[in-house]
Amino acid sequence: MAASWCIIISQLVSKGVSLAAAKEQGQLVFLEGLKSSLELLSAEDTAAEKSHPLQFLSFPSADMKSLYDYVQSSLLQVVGSEWKEPVLIIDDLSILLSLGLSTGHILDFIHYCRASICLRLKGDMVALVHSDDQQDEENELLVKWLHHQSSLIIQAEGLSTGYCKDIHGQVKITWREPPQTAFGSDVTELYQYKLLDKNVSFFARGTSAAVL
């Protein structure tokens, strides 16, 4: 299980916001998947286990309603408050497949979250999913479904030419059916990037310092 697996519900819209302060002010709800999973698996109280947001990890045939209920209860902090347009960030969905959840249960969870956050509260959802192994049919189905439902797709991958110390990979950004274009058309932009110590540098193809 990746240590980065988490659920984030936030009303943050600006850069440079202190996450600790935002959490205290009710602008940020954070569920750390790894820590919560360990707590669940070591729990001795059956009642507490069944009410846990991740209780489906203990019951292979269970759906993700407990996690959806957790998201819904967190959204109650938004409704009627000054904070609008919440953002739900899931990092990452591929891990749920590796934990034994079915693609159908994951897609149901995403569908109901979209209905609550995107349609009812006019917010946004951001989800990470890996598509490295195209032989994994369940994961490929999840990737294709998300691609179809998303308005913005960001794909990060390594260079097809192999390792380069000045260019670490490329990012393809696709806007699906943006308002300013004809219906049914997509707009795609391609950038290359270099990982820095505490940042990432993006640049158009062919404009890296290594080739200029």
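Here the residue numbers are simple positions, counted from 1 along each chain's written sequence. Confidence filtering applies because this is a predicted model: local features only for residues at pLDDT of at least 70, side-chain atom pairs given and counted only at 80 or more, and all residues used for totals across whole chains, interfaces and linings. To get the side-chain values, take all heavy atoms of the structure and skip hydrogens and water.

Asker: So, the overall build of the protein: which residues are in play, and what are the values?
Answerer: Numbering of helices and strands runs from the N terminus, with a helix taken as a DSSP run of H or I at least four residues long and a strand as a DSSP run of E at least two residues long. A count of helical and extended segments in the protein gives 7 helices and 8 strands. Relative accessibility thresholds used throughout: buried, under 20% of the residue-type maximum; exposed, over 50%; partly exposed, between the two (1.4 Å probe, protein chains only). Put simply, the protein has 212 residues, and 34% of those count as buried. What makes two residues a contact is simply this: any of their non-hydrogen atoms within 4.5 Å. A separation of at least 24 residues holds for 48% of the contacts in the protein among residues at least 6 apart in sequence. Total accessible area on the protein is roughly 13300 Å²; 54% of this is exposed by carbon and sulfur atoms. All accessible-area figures derive from a Shrake-Rupley calculation using a 1.4 Å probe, and residue coverage is judged against the displayed protein chains alone.

Asker: Describe a nonpolar patch on the surface, naming the residues involved and giving the relevant values.
Answerer: Grouping into patches uses exposed residues only, defined as over 30% relative accessible area, and leaves out salt-bridged ones; the cut-off is 9 Å for like charges and 5 Å for nonpolar side chains (Val, Leu, Ile, Met, Phe, Trp, Tyr). A carboxyl oxygen of Asp or Glu within 4 Å of a side-chain nitrogen of Lys or Arg is what we treat as a salt bridge. There is a patch of nonpolar side chains on the surface, built from Leu152, Ile154 and Trp175 and spanning about 300 Å² of accessible area. As for its placement among the helices and strands, Trp175 is situated in strand β6 (residues 169-176). Relative accessible area serves as the criterion here: at 42%, Trp175 is assigned to the partly exposed category.

Asker: Which residues make up unusual backbone geometry, and what values go with them?
Answerer: Asp91 connects to Asp92 through a cis peptide bond whose omega is -5°. Along the polypeptide, Asp92 turns up in the loop between β3 (87-91) and α5 (93-98). The phi dihedral of Lys122 is positive, around 60°, even though this residue is not glycine. Here Lys122 lies in the loop between α6 (103-120) and β4 (124-127). Judged by its relative accessible area of 56%, Lys122 falls in the exposed class.

Asker: Which residues make up the confidence of the model for the protein, and what values do they have?
Answerer: Caution is warranted with low-pLDDT regions, since their predicted coordinates should not be read in detail. Per-residue confidence from the prediction method is given by pLDDT, with values spanning 0 to 100. Per-residue confidence for the protein gives a mean pLDDT of 79; residues scoring 70 or more make up 78%. Per-element averaging of pLDDT across the protein places helix α3 (residues 46-50) at the bottom with 59 and α6 at the top with 92.

Asker: Kindly report on the sheet that holds strand β5 (residues 152-157), identifying the contributing residues and their values.
Answerer: In this description, strands pair whenever DSSP reports at least two bridges between them. The 4 strands are arranged β5-β6-β7-β8 in an open sheet whose pairing can be described as antiparallel. A single partner strand is all that each edge strand has here, and the edge strands are β5 and β8 (200-204). Pairs of neighbouring strands in the sheet enclose a mean axial angle of 30°, with direction left out of account. Alignment of β5 against β6, held across 6 bridges, turns out to be antiparallel. Paired with Ala156 across the two strands is Val171, which belongs to β6. Angles here are taken between N-to-C directions and fall from 0 to 180 degrees, while the axes themselves are lines fitted to C-alpha atoms, restricted in helices to the stretch in contact.

Asker: Tell me what's going on with the packing of helix α4 (residues 65-75) against α6, and back it up with residues and numbers.
Answerer: Running from N to C, α4 and α6 cross one another at 15°; their axes reach a closest spacing of 10 Å. When the interaxial angle is binned, α4 and α6 end up roughly parallel. Crossing geometry of α4 relative to α6 is assigned as right-handed. For the pair α4 and α6, the contacting residues are Leu67, Tyr68, Val71, Gln72 and Leu75 in the first and Phe109, Tyr112, Cys113, Ser116, Ile117 and Arg120 in the second. Note on angle classes: values under 35 degrees are labelled roughly parallel, values over 145 roughly antiparallel, values of 65 to 115 roughly perpendicular, and the remainder oblique. By convention the crossing between two helices is left-handed if the near helix lies anticlockwise of the far one by an angle smaller than a right angle, and right-handed if it lies clockwise.

Asker: Could you give an account of the pattern of salt bridges, with specific residues and numbers?
Answerer: Enumeration according to the criterion identifies 2 salt bridges in this entry. Asp69 is the partner of Lys65 in a salt bridge, and the nearest nitrogen-oxygen pair spans 2.9 Å. Of the two residues, Lys65 and Asp69 both sit in helix α4, 4 residues apart, roughly one turn of that helix.

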